[in-house]
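# Topology and contacts: notes
Residues per chain are reported as follows:
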Amino acid sequence: MKTICINCPMGCPLEITEKDGKITVVGNTCRRGLEYGISEYTRPVRTVTTLIKRADGRVVSVKTSVPIPKEKMFDVLERMRTIVAPADCKIGDIAEHDTLGLGADIVITGVPAPLL
């Protein structure tokens, strides 16, 4: 399997193979690349970010509090489409706890600037 490490700005091209139950990562320049390669091969996860509606019709940015299994990304995005944050929400507020039972909260990461 070939991929690009996303753990740091280096963007190392990785080649990940498995033989006799041993996973080998080639191309990483640091330990984080090795760990990323093994994780990406065995159980890929992603942090999901998007915008959700606020009760006053504006939008706020959100993200999952922890990375979720990659195969659940679109399920989480679909769920996020239904969440409406309070109009007075602040950065760090939880818009939803334990989304889809995955152990990830939906966290407010940005709010719109005040209207002039």
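As a starting point, this report considers the structure included with it. Residue indices begin from 1 for each chain and proceed along its sequence in written order. Confidence filtering applies because this is a predicted model: local features only for residues at pLDDT of at least 70, side-chain atom pairs given and counted only at 80 or more, and all residues used for totals across whole chains, interfaces and linings. Values shown for side chains rest on all heavy atoms present in the structure; no hydrogens or waters enter the calculation.

### Quick word on the nonpolar core
- In this text, buried Ala, Val, Leu, Ile, Met, Phe, Trp, Tyr and Cys residues form a nonpolar core when linked through side-chain atoms within 4.5 Å. The buried label goes to any residue with under 20% of its type's maximum accessible area, the exposed label to any with over 50%, and the partly exposed label to all in between, with areas taken from a 1.4 Å probe on protein chains only. Core analysis: the biggest nonpolar cluster contains 13 residues, and Ile52, Val60, Val62, Met80 and Ile108 have the highest contact counts within it.
- Secondary structure elements follow DSSP: runs of H or I of four or more residues count as helices, runs of E of two or more count as strands, with numbering from the N terminus. If you list the elements that add at least two residues to this core, you get strand S6 (59-64), helix H2 (73-80) and strand S10 (106-110).
- Only heavy atoms enter the contact rule, under which two residues are in contact if any of them lie within 4.5 Å. With residues near it in sequence (within four places) discarded, Met80 still touches Val48, Thr50, Ile52, Val62, Lys63, Thr64 and Ile106.
- Counting residues in hydrophobic clusters, the runner-up holds six residues, among them Leu14, Ile16, Val25 and Tyr36.

### Structural notes on the state of the cysteines
- Note that a disulfide, as used here, is simply two cysteine sulfur atoms within 2.5 Å. Summed over the entire model, instances satisfying the criterion amount to zero disulfides.
- The cysteine Cys12 is free of any disulfide, with Cys8 supplying the nearest cysteine sulfur at 5.9 Å.
- The thiol sulfur of Cys30 is not disulfide-bonded, and the nearest other cysteine sulfur, from Cys8, lies at 4.9 Å.
- Looking at Cys30, the relative accessible area reads 28%, which means it is partly exposed.

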